[in-house]
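Here is how the chains run, residue by residue.
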Amino acid sequence: MLVSVVLMPFVASAQKKQLSQARDYIKSGKNLDKAESILRTQLQDSAQRNNIKVWQMLVESLTAQYEQGNEQLYLKQKYDTLAFFTTTRKIFSAAESADSVDMRPDEDGRVHPKYRSHNAEYLRNIMPNLYYGGVYFVNKKDYKRASEYFDHFISLPKQPIFTGVRLDTASTMVVSAAYWTMYCGFKLDSAEMIMRHHELAERDTTQLAFILQYEAEAYALNRDSKNYLHCLREGFARYPKFPFFFPRLMEYYDKHEQNDSALALVNRALAIDSTSQFYRYAKSSVLLNMGRYNECIDICDKLIKEDETLADAYYNAGLAYFNMAIKLDKERQVMRSNRQKILDLYNKALPYLEKYRTLAPDRQDNWISPLYTIYLNLNMGKKFDEIDKIRHDYKRTHK
């Protein structure tokens, strides 16, 4: 107890000296980082944690740093942009913390804030730089930190320090911040971040196609297939030429064997752009899956006539002939006269699939099996031996 009594005046004197030093730094405009360090150390002490004067000094030290940086940027002098935006957010955090102390009631339950009005007005004037800080970190691909800036910016109207201060909660900048938060979540594969401000972001009609894409990605991350499908349908209905929605809808329908839905979708797409090679190829794939082989071949032949390098068009046409042969082969026990028809179909499939192999040599998983079957049935000895070896090696390396 005696030791404590002796030490307390000494500690108080040291704290007073440090605060005086921090105040001198702030007044001189020099060593402001040291002033900040002193004040943050002071605030770690439980005896100072609710001292509004110390908090306000911290706000002032940060404000002085900000003003120096702002002046250097205005004069186009060399300055650490990262430090400028970091200081910007630290001012907001410090001022909000100071306000919570400033608004504490006295012993009689009365509240007499000394700094709220001044601090709120200052923060209101520099609010845009909190937003631009988020944009800065997006450009640096630091999406986590960028989202923290945007979240802080969006939350400002709800901060007690701005009570009674009119802030536009639906300004273009606020809506844009919500959009960029979604973008950051998309980059980080965070469904929660994507959806955090999605309703606010949807007010930005210029970015709605991307917003719907990010929402669809969030539903996919959460394995919410119902809302994922709904989002894709809405996206395609609104923006049929946007590259995200159509292929993923087709992929969904193919995975769930919903060929009728896939055909209806591709027909709607072709109604918008009947010349699109992509849409026509997609239709050939649906027709192939539906067993409408002749229609599939007709589309593929037209595509090949337009562009002889379209590997997948050769594959679909070749597979259509191949599948017709397989189907007939299964019926051979009933109709032995089908043998020549089967061989004719294999002969028709052959040039398409060999061309596909030439154009897509790395897609062995697609061409090995049908070519193996064709060479076997057509008694093509050398080619069969070659494909048999390729098949063996492929199986060995893909166990």
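Procedures and definitions
Residues numbered from 1 in each chain as written. Predicted model: local features only at pLDDT ≥ 70, side-chain atom pairs only at ≥ 80, totals over all residues. Heavy atoms only, no water. Helix = DSSP H or I, 4+ residues; strand = E, 2+ residues; numbered from the N terminus. Rg over C-alpha atoms; globule rule 2.2 N^0.38 Å. Buried < 20%, exposed > 50% of the residue type's maximum accessible area, 1.4 Å probe, protein only. Contact = heavy atoms within 4.5 Å. Areas by Shrake-Rupley, 256 points an atom, 1.4 Å probe, with all protein chains shown as cover. Lys, Arg positive; Asp, Glu negative; His and termini not counted. Charge placed at Lys NZ, Arg CZ, Asp CG, Glu CD. pLDDT = per-residue confidence, 0-100. Polar contact = N/O pair within 3.5 Å; in protein donor to acceptor, adjacent residues only side chain to side chain.

Visitor: Sorry if this is basic, but what is going on with the overall build of the protein chain here?
Guide: Helix and strand content of the protein chain: 19 helices and 0 strands. Since a compact globule built from 399 residues should have a radius of gyration of about 21 Å, the 35 Å found for the protein chain marks it as more spread out than a globular shape. In terms of its C-alpha atoms, the protein chain occupies a principal-axis envelope of roughly 110 × 45 × 45 Å. By residue count, 44% of the 399 residues in the protein chain fall in the buried class. Counted over contacts in the protein chain with a minimum sequence separation of 6, partners at least 24 positions apart contribute 56%. Accessible area of the protein chain: about 23100 Å², with a carbon and sulfur share of 50%. Averaged over its 57 positive side-chain charges, the protein chain has a centre that lies 2 Å from the centre of its 50 negative ones.

Visitor: Teacher, can you tell me more about the confidence of the model for the protein chain here?
Guide: Fine structural detail should not be taken from predicted coordinates in areas where pLDDT scores are low. A residue-level look at the protein chain finds 95% of positions with pLDDT of 70 or above and a mean pLDDT of 92. When mean pLDDT is taken per element in the protein chain, helix α8 (residues 191-196) scores highest with 98 and helix α1 (residues 2-28) scores lowest with 71. Note on residues 1-8: pLDDT is under 50 here. Beyond four places in sequence and across chains, it has 0 contacts.

Visitor: Just checking my understanding: could you explain the environment of asparagine 316 for this structure?
Guide: Its location among the elements puts asparagine 316 in helix α16 (residues 311-330). Given a relative accessible area of 3%, asparagine 316 falls into the buried group. The sequence separation of asparagine 316 and arginine 339 amounts to 23 residues, and the corresponding C-alpha distance is 23 Å. Ignoring sequence-local partners within four residues, the contact set of asparagine 316 consists of Tyr281, Ser284, Ser285, Leu288, Cys296 and Cys300. A distance of 2.9 Å separates the side chain of asparagine 316 from the side chain of serine 284, its partner in a polar contact.

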